[in-house]
Amino acid sequence: MRILFFDLDTLRPDHLGCYGYKRNTSENIDRIAKDGVVFDNYYCPNAPCLPSRASLVTGEYGICNGVLGHGGTSADLRLEGENRRFRDTVSMASLFSKIKQAGFRTTSISTFAERHSAWWFNSGLNELINVGKCGVERADEVEPYIMDWLDRNAQKDNWFLHINMWDAHTPYRTIDYPNHFENEPLPDNWINEDVLAYHRSIASPHGAREVAMWDDKPVKKYPKYLTKLENLDEVKYFIDMYDNGIKYMDDVIGRVLEKIEKMGLYNDDLCIIVTSDHGENLGELGLYGEHATADYTTCRIPFIIKWKDCVKDYVCKDFHDNVDLLPTICDLLEQQKANHYDGISFYPTLKDKTSVDKGSVILTQCAHVCQRSAIFSHYLYVVTMHGGFHLFDKEMLFDLDKDIHEQHNIAQEHPELCAQGAKLIFDWQNKYMAKAKIDVDPLWTVMREGGPLHAKGHKNEYVQRLIDTGREDQAEKILKVYKDFN
């Protein structure tokens with residue numbers, strides 16, 4: 001058996017054909033979906049990049065493994081302390097380790113570990129191929145390494161190849177790639193003149209006036225990356241570039257599949273996983289080109305799996321998150337599951353469509369903001385502890401059936417639903433703090449260390465920016481709301 005794992009950074013499922021998108025961004029991913037199972041309610045429980053992949057490879061939520069941020073104490077896995085054996089738990093029970101223990105030679109083509117100093121990510125790998133650009137490499141720069149590896153190894157049995165591509169992540173870097181969607185309207189044109197005017201009026205790092213986070217200075221190296229959005233044509237172009245990045249990765253996936261087919265290896269023995277670390281705000285909550293919140297848009301991710309002797313062309317609607325993959329892989333490869341895994345296996349779904357629905361998911365973001373959220377039924381409930389110099393309401397509630405882009409906070413109208421969401425979060429926190437190695441929620445570690453990394457030290461700079469751009473009212477609110485943070 002052979003396993004391909006496509007780890008595609010910053011990929012929104014609703015921009016893929018197999019999830020209903022009307023643009024042709026993903027014909028090759030869609031083909032894989034036809035041969036496997038598509039999970040429609042699958043989430044990264046800890047966003048963005050670093051905490052998401054920590055939960056993926058450890059099978060633990062960040063509240064247990066310690067990783068919830070991009071800097072400070074909560075950017076590192078918790079030490080095991082006196083209970084550490086000759087080898088640590090990650091090296092014995094991580095995702096890649098379990099695949100290796102099942103008899104597979106494991107390889108990763110990725111710069112993720114170097115980008116985030118997350119060397120534990122490489123645990124269980126026989127071979128790491130680092131393209132060398134810390135996540136700024138294009139898919140065409142990754143492709144030669146993939147093809148060379150396949151030339152040397154594809155005909156062998158029992159291999160696992162993890163392929164990491166970043167092209168949907170800003171800054172949009174496909175320099176010589178034409179805009180394939182220039183003459184196509186946006187399939188969901190929800191951002192109108194009034195919405196854009198509102199977005200331009202608010203304090204919003206990574207918002208329409210400061211897409212680059214704190215200012216609108218252009219990035220000369222990446223001319224396709226707009227750092228301010230002044231009109232609807234620019235909004236469309238910005239989303240075109242996001243879709244272009246997805247198509248760019250999909251083109252490479254297509255060439256990889258074509259090569260494997262020519263080798264006679266695209267068969268039931270070839271298992272394929274397609275997923276992402278997080279989604280992307282494209283106007284939702286006033287943000288553009290960033291994955292900065294604990295919401296539906298940032299945390300819902302694609303998960304597509306084609307596996308030997310499993311069901312095909314099926315869409316699973318159950319709630320799951322990425323800690324569920326590791327116990328599922330253990331079941332698929334007949335490996336023993338570690339006691340500390342937080343996830344539940346969805347192996348029964350893959351074998352015969354049996355539901356193992358979690359019923360709800362709890363989401364956390366501590367890199368750009370400090371938020372914890374619950375998604376249950378068709379509602380998103382968000383509690384904000386630190387808004388990253390946005391002026392989010394402390395409690396937000398959105399009806400995702402009616403308001404998928406999270407424009408209308410209905411918290412005041414539905415206190416009973418807020419109470420339901422708050423209880424889900426409370427019960428989840430109690431459950432996982434009871435099993436955590438340290439009796440401190442790492443979310444509060446981030447708060448005690450001055451707030452989320454990407455906001456620290458920028459308050460005065462951003463307040464001045466708001467004043468300079470005619471948003472004095474927003475500057476005054478920030479000074480009041482964030483008086484204890486810099």
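Before any of the text, the structure's been laid out above.
Conventions and cut-offs
- Residues numbered from 1 in each chain as written.
- Predicted model: local features only at pLDDT ≥ 70, side-chain atom pairs only at ≥ 80, totals over all residues.
- Heavy atoms only, no water.
- Phe/Tyr/Trp six-rings, centres within 6.5 Å; stacked < 30°, edge-to-face > 60°.
- Helix = DSSP H or I, 4+ residues; strand = E, 2+ residues; numbered from the N terminus.
- Buried < 20%, exposed > 50% of the residue type's maximum accessible area, 1.4 Å probe, protein only.
- Lys NZ or Arg CZ within 6 Å of the ring centre and 35° of its normal.
- Disulfide = S-S within 2.5 Å.
- Pairing = 2+ DSSP bridges.
- Contact = heavy atoms within 4.5 Å.
- Axes fitted to C-alpha atoms, helices over the stretch in contact; angles between N-to-C directions.
- Salt bridge = Lys/Arg side-chain N within 4 Å of Asp/Glu carboxyl O.
- Core = buried A, V, L, I, M, F, W, Y, C linked by side-chain atoms within 4.5 Å.

*Asks:* Mind laying out the packing of aromatic side chains, listing which residues take part and the relevant values?
*Replies:* Enumeration according to the criterion identifies 24 aromatic pairs in this entry. For the ring pair Tyr-61 and Tyr-432, a centre distance of 5.0 Å and an interplane angle of 80 degrees mean the geometry is edge-to-face. Here Tyr-432 lies in helix H13 (residues 415-435) and Tyr-61 lies in the loop between helix H2 (49-58) and helix H3 (62-65), a separation of 371 residues in the sequence. Classification of Tyr-432 as buried rests on a relative accessible area of 6%. Judged by centre distance (6.4 Å) and plane angle (90 degrees), the ring pair of Phe-238 and Tyr-288 falls under edge-to-face. Of this pair, Phe-238 sits in helix H9 (residues 232-262) while Tyr-288 sits in strand E9 (residues 288-290), placing them 50 residues apart in sequence. A connected cluster of aromatic rings, assembled from ring pairs, spans Phe-5, Phe-96, Phe-112, Phe-121 and Phe-160. Note that Arg-53 overlies the ring of Phe-112, its terminal NZ or CZ placed 4.7 Å from the centroid.

*Asks:* Before we move on, could you go through unusual backbone geometry and cite the residues and values that matter?
*Replies:* In this model, Ala-47 is joined to Pro-48 through a cis peptide bond whose omega is 0 degrees. Here Pro-48 lies in the loop between strand E3 (46-47) and H2. At Asn-158, a position not held by glycine, the phi torsion is positive, near 55 degrees. Looking at the element boundaries, Asn-158 is found in the loop between helix H7 (139-153) and strand E6 (159-165). Backbone geometry at Asp-309 places phi at a positive 60 degrees, although glycine is not the residue there.

*Asks:* Please give an account of the state of the cysteines that cites residues and values.
*Replies:* One pass over the structure, following the stated rule, counts zero disulfides. Left without a disulfide partner, Cys-44 is nearest to the cysteine sulfur of Cys-299, which lies 4.2 Å away. Overall, Cys-44 belongs to the buried group, its relative accessible area being 0%. Cys-271 takes part in no disulfide bond, and the closest cysteine sulfur to it belongs to Cys-310, at a distance of 7.7 Å.

*Asks:* Please set out the sheet that holds E3 residue by residue, giving values where relevant.
*Replies:* Overall, mixed pairing links the five strands, which are arranged E3-E12-E13-E14-E15 in an open sheet. If you trace the sheet from one side to the other, it starts and ends with E3 and strand E15 (395-399), each paired once. Sheet topology note: the strand E13 (residues 370-376)/strand E14 (residues 379-386) ladder contains seven bridges and is antiparallel. Opposite Cys-370, over in E14, you have His-386 as the bridge partner. Taken strand by strand, H13 contacts strand E12 (360-365), E13, E14 and E15, and its axis lies near 110 degrees from that of E13.

*Asks:* Explain the pattern of salt bridges to me, and be specific about the residues and the numbers.
*Replies:* Across all of its chains, the model carries 32 salt bridges by this definition. As a salt-bridge pair, Glu-284 and Arg-12 come within 3.1 Å of each other at their nearest N and O atoms. Here the residue Glu-284 occupies a position in the loop between strand E8 (281-282) and E9, and Arg-12 occupies one in the loop between strand E1 (2-8) and helix H1 (27-34), the gap between them amounting to 272 residues. Side by side, Glu-284 and Arg-12 carry an identical accessibility label, which is buried. In the salt-bridge network here, residues are joined through shared partners; they are Asp-7, Asp-9, Arg-53 and Asp-277.

*Asks:* Explain the nonpolar core to me, and be specific about the residues and the numbers.
*Replies:* Grouped together as the largest cluster of nonpolar side chains are 66 residues, with contacts concentrated most on Leu-95, Trp-307 and Leu-325. Apart from the residues lying within four places of it in its own chain, the contact partners of Leu-95 are Phe-5, Leu-56, Val-57, Leu-325, Leu-326 and Ile-329. Counting 58 residues, the second-largest nonpolar core is a separate cluster that includes Met-147, Tyr-248, Ile-253 and Leu-257.

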